[in-house]
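Structure assessment
This is what each chain is made of:
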Amino acid sequence: MKRNGYVGLWLLLAVSLAIIIFVSFYDDLQIGPWKVKKSPIAETLLATDSDSIAAGLPEEDSVENIAAPVVIKTDSLPQSIFIFGDSMTFNLALRMAQYARQNGHKIHSVNWDSSNTKIWADHDTLQYYIEKFHPTQIFISLGSNEMYFKNPETRAPYVKKILEVIDTIPYVWIGPPNWKEDTGINDMLQRICKKGSFFRSEGMDFKRKADHIHPTRQSSALWVDSIMRWIPKSSHPFVVEVPVDSIGKCNPNIIFLKALNK
């Protein structure tokens, strides 16, 4: 008797489920004064992969559609390094020359005292030395003499002109070693430079010369070390192993240009 009771209950549930499924395949039904709303069961049973995607549900093969992170390969070839800029350049070039010898690179440097972005943009000096040295990596040390400007955005056209001359050659613009809060020169340079091509020196701790502006030679060497540790994250990484202590002093092939009026 008890078994027969369960059979009847199961039959009742089966009939009820059949009625629900039947109704779900039809639009809203009107039975007398009552309206039976369409059930979502039909959409669920007939849903396709595209429906799942539209609903934001994961697709089985969607993993292949996820973009892989961009990995920039380190350039293992010997480089021709060219660093140019204001009076910060000389001490930077001295340490870079050690990196060049350690890693089989060449280096040339141009130190133009009191220079700024306008001076370099208004003269053909940069184009001349690029054609002379044929660099494959360029380092720019400019901006220190423009930290006092009330509106550094007025220098943006000169920055763009310099980068136009550099063209497709990989470069790193070394931001000024702030000795006080700037008025926006770093933000402007970072905005204009290609991603991975601006090294922001602001916030670093420097030991200064008597003028309280220029980093000492030792502090400049540590500055270069920081830049080289960052190079693997730059837009065009190349081999920059730390020079061994025995490498000694190296010639940065420095050229000094006389200061001009700003």
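Residues numbered from 1 in each chain as written. Predicted model: local features only at pLDDT ≥ 70, side-chain atom pairs only at ≥ 80, totals over all residues. Heavy atoms only, no water.

1. Here's the deal with the sheet that holds strand 4 (residues 106–112)
For sheets, the rule is that strands pair by backbone hydrogen bonds, running either parallel or antiparallel. So the rule is basically this: Should DSSP find at least two bridges between two strands, the strands are regarded as paired. Here a helix means four or more residues in a row that DSSP labels H or I, a strand means two or more in a row labelled E, and each is numbered from the N terminus. Throughout, a residue-residue contact means that at least one pair of heavy atoms, one from each residue, lies within 4.5 Å. Note on definitions: angles span 0 to 180 degrees between N-to-C directions of axes, and those axes are lines fitted to C-alpha atoms, for helices only across the stretch in contact.
With respect to topology, six strands assemble into an open sheet ordered 7-6-5-3-4-8, the strand pairing being parallel. Strands at the two margins of the open sheet, each flanked by one partner only, are strand 7 (198–199) and strand 8 (254–257). Direction of pairing for strand 3 (residues 80–85) relative to strand 4: parallel, over a ladder of six bridges. Within strand 4, the residue paired with isoleucine 83 across the bridge is serine 109. Here helix 6 (residues 125–133) sits on the sheet in contact with strand 3, strand 4, strand 5 (137–141) and strand 8, set at roughly 165° to strand 3.

2. Details of the pattern of salt bridges
Selection criterion: By definition here, a salt bridge exists when the distance from a side-chain nitrogen of Lys or Arg to a carboxyl oxygen of Asp or Glu is within 4 Å. Whether a residue is buried, partly exposed or exposed follows from its accessible area with a 1.4 Å probe, protein chains only, as a fraction of its type maximum: under 20%, in between, or over 50%, in that order.
Applying the stated criterion to the full structure yields six salt bridges. Between aspartate 122 and lysine 118 there is a salt bridge whose closest N-O contact spans 2.7 Å. On the criterion of helical spacing, the pair formed by aspartate 122 and lysine 118 is a turn pair, its members being four residues apart in helix 5 (residues 117–122). The partly exposed category is assigned to aspartate 122, whose relative accessible area is 44%. Among the charged side chains, a network of salt bridges with common partners joins Asp187, Arg200 and Glu202.

3. Some details on the environment of serine 219
Mapped onto the fold, serine 219 is located in helix 9 (residues 217–230). Serine 219 sits in the buried class, given a relative accessible area of 7%. With eleven residues separating them in the primary sequence, serine 219 and arginine 208 have C-alpha atoms 7.7 Å apart. In contact with serine 219, other than residues within four places in its own chain, are Asp205, Phe206 and Lys207.

4. Observations regarding the packing of helix 7 (residues 156–166) against helix 8 (residues 185–192)
Note the threshold: Here roughly perpendicular refers to angles of 65 to 115 degrees, roughly parallel to angles under 35, roughly antiparallel to angles over 145, and oblique to all remaining angles. Each crossing gets its hand from how the near helix is turned against the far one by less than a right angle, where anticlockwise is left-handed and clockwise is right-handed.
Put simply, helix 7 and helix 8 touch, their axes get as near as 10 Å, and they point 40° apart. By the angle class used here, helix 7 and helix 8 are oblique. Remark: the crossing between helix 7 and helix 8 carries right-handed chirality. Residues Ala156, Val159, Lys160 and Leu163 of helix 7 form the contact with helix 8, whose own contacting residues are Met188, Leu189 and Ile192.

5. Observations concerning the layout of surface pockets
Note the threshold: Two kinds of site are reported from a 1 Å grid over the protein atoms alone, namely cavities, where a 1.4 Å probe fits but cannot get out, and pockets, open sets with protein on both sides within 12 Å along at least five of seven lines, and residues are called lining when an atom falls within 4 Å of a point. Grid points are joined across faces, edges and corners, and a volume is the space filled by probe spheres set on the points.
Roughly 200 Å³ of volume is contained in the largest pocket. Forming the boundary of the largest pocket are Asn91, Leu94, Arg95, Gln98, Arg217, Gln218, Ala221, Lys249 and Cys250. Going through the elements one at a time, helix 4 (89–103) and helix 9 are the ones with two or more residues in the lining of the largest pocket. Looking at the lining of the largest pocket element by element, the count peaks at four residues for helix 4.

6. A closer look at the packing of helix 6 against helix 7
Defined as follows: Classification used: nonpolar for Ala, Val, Leu, Ile, Met, Phe, Trp, Tyr, Cys and Pro, charged for Asp, Glu, Lys and Arg, polar for all others including Gly.
Running from N to C, helix 6 and helix 7 point in directions that differ by 20°, and their axes come no closer than 10 Å. As far as their axial angle goes, helix 7 and helix 6 are roughly parallel. Crossing hand, helix 6 versus helix 7: right-handed. Facing helix 6, whose interface residues are Leu126, Gln127 and Ile130, helix 7 presents Ile162, Val165 and Ile166. When grouped by side-chain class, the residues that make up the contact of helix 6 with helix 7 number five nonpolar, one polar and no charged.

7. Concerning empty space enclosed by the protein
Inspection of the entire model under this criterion finds one cavity of 30 Å³ or more. Taken as a whole, the largest cavity spans an internal volume of roughly 30 Å³. Of the residues assigned to the lining of the largest cavity, the class counts are four nonpolar, four polar and no charged.

8. What about the packing of aromatic side chains?
Test applied: Centres within 6.5 Å make a pair out of two Phe, Tyr or Trp rings, where for Trp the six-membered ring is used; the pair is then stacked when the planes are under 30 degrees apart, edge-to-face when over 60, and tilted otherwise.
Under the defined criterion, the tally for this structure stands at twelve aromatic pairs. Centroid distance phenylalanine 82 to tyrosine 129: 6.5 Å. Interplanar angle 40°. Geometry classified as tilted. One end of the pair, phenylalanine 82, is in strand 3; the other, tyrosine 129, is in helix 6, and 47 residues separate them in sequence. You can call phenylalanine 82 buried: its relative accessible area is 0%. Taking the relative accessible area as the measure of exposure, tyrosine 129 reaches 9% and is therefore buried. Between tyrosine 129 and phenylalanine 133 the ring centres are 5.6 Å apart and the planes differ by 15°, which places this aromatic pair in the stacked class. Here phenylalanine 133 and tyrosine 129 lie together in helix 6, a separation of four residues that amounts to about one turn. Each member of the pair, tyrosine 129 together with phenylalanine 133, is buried. By way of ring pairs, the aromatic residues Phe82, Phe84, Trp112, Trp120, Tyr128, Tyr129 and Phe133 are connected into one cluster.

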